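Residue-level structure breakdown
Listed here are the chains, written in short residue letters.
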Amino acid sequence: MAATQEIIDGWQGDDEVEAVLAEFDGDPRKAIRALLDDIAVLADDRPAPLLQIVEPDPESAWGMRRPS
C-alpha cells in the first residue's frame, strides 16, 4: 500500500486526465464509468451496409425488383 501511495503522491498529472476528471467534479469513479460507457457505445456502433440486396421479381421484364 505504501508503494501505491508513493506513486499517487509523486504523480505530476496529465492535462487530458485532469480535464476529464474536472468534467466529473474530480471523481475518478464517475469519470471511469463515463469512459467505459463511451467505449461500450463505440463498440456497439455498426456501419451502414455498403450494398442493398435486390430480390428477384418474376413480374419484371429483367427479373429484378427495385428496392422499396
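Because the structure is predicted, anything quoted here is derived from the model rather than measured. (Residues numbered from 1 in each chain as written. Predicted model: local features only at pLDDT ≥ 70, side-chain atom pairs only at ≥ 80, totals over all residues. Heavy atoms only, no water.)

The subject of this paragraph is the overall build of the protein chain. Check the secondary structure of the protein chain and you find three helices and zero strands. Across the 68 residues in the protein chain, those meeting the buried criterion constitute 6%. Carbon and sulfur atoms make up 58% of the accessible area of the protein chain, which totals about 6800 Å². (Helix = DSSP H or I, 4+ residues; strand = E, 2+ residues; numbered from the N terminus. Buried < 20%, exposed > 50% of the residue type's maximum accessible area, 1.4 Å probe, protein only. Areas by Shrake-Rupley, 256 points an atom, 1.4 Å probe, with all protein chains shown as cover.)

Another aspect to go through is the confidence of the model for the protein chain. As a general rule, the predicted coordinates of low-pLDDT regions are not to be interpreted in detail. The predicted model of the protein chain has a mean per-residue pLDDT of 76, with 63% of residues at 70 or higher. Helix H1 (residues 2–10) is the least confidently modelled element of the protein chain, averaging 57 in pLDDT, while helix H3 (residues 28–44) averages 92, the highest of any element. (pLDDT = per-residue confidence, 0-100.)

Regarding helix H2 (residues 15–23), its N-cap is Asp-14, as a side-chain oxygen of that residue lies 3.1 Å from the backbone nitrogen of Glu-16 further along. Phi turns positive, to about 55 degrees, at Asp-25, one or two residues after H2. (Polar contact = N/O pair within 3.5 Å; in protein donor to acceptor, adjacent residues only side chain to side chain.)

A few words now on unusual backbone geometry. Phi angles above zero are rare outside glycine, and Asp-25 is one such case at about 55 degrees. Inspection of the secondary structure puts Asp-25 in the loop between H2 and H3. You can call Asp-25 exposed: its relative accessible area is 72%.

Below, the discussion takes up a nonpolar patch on the surface. A cluster of nonpolar residues, Ile-32, Leu-36 and Ile-39, forms a patch on the protein surface that exposes about 280 Å² of accessible area. Along the chain, the position of Ile-32 falls in helix H3. (Patch = residues over 30% accessible without salt bridge, like charges linked within 9 Å, V, L, I, M, F, W, Y side chains within 5 Å. Salt bridge = Lys/Arg side-chain N within 4 Å of Asp/Glu carboxyl O.)

Our next topic: the environment of Phe-24. For Phe-24, the location among the structural elements is in the loop between H2 and H3. Beyond its immediate chain neighbours, meaning those up to four positions away, Phe-24 contacts Lys-30, Ala-31 and Ala-34. (Contact = heavy atoms within 4.5 Å.)

With respect to the secondary-structure elements, Leu-35 resides in helix H3. In this structure Leu-35 comes out as partly exposed when scored by relative accessible area, which is 42%. Once the C-alpha coordinates of Leu-35 and Val-20 are considered, the two residues, 15 residues apart in sequence, prove to be 9.2 Å apart.

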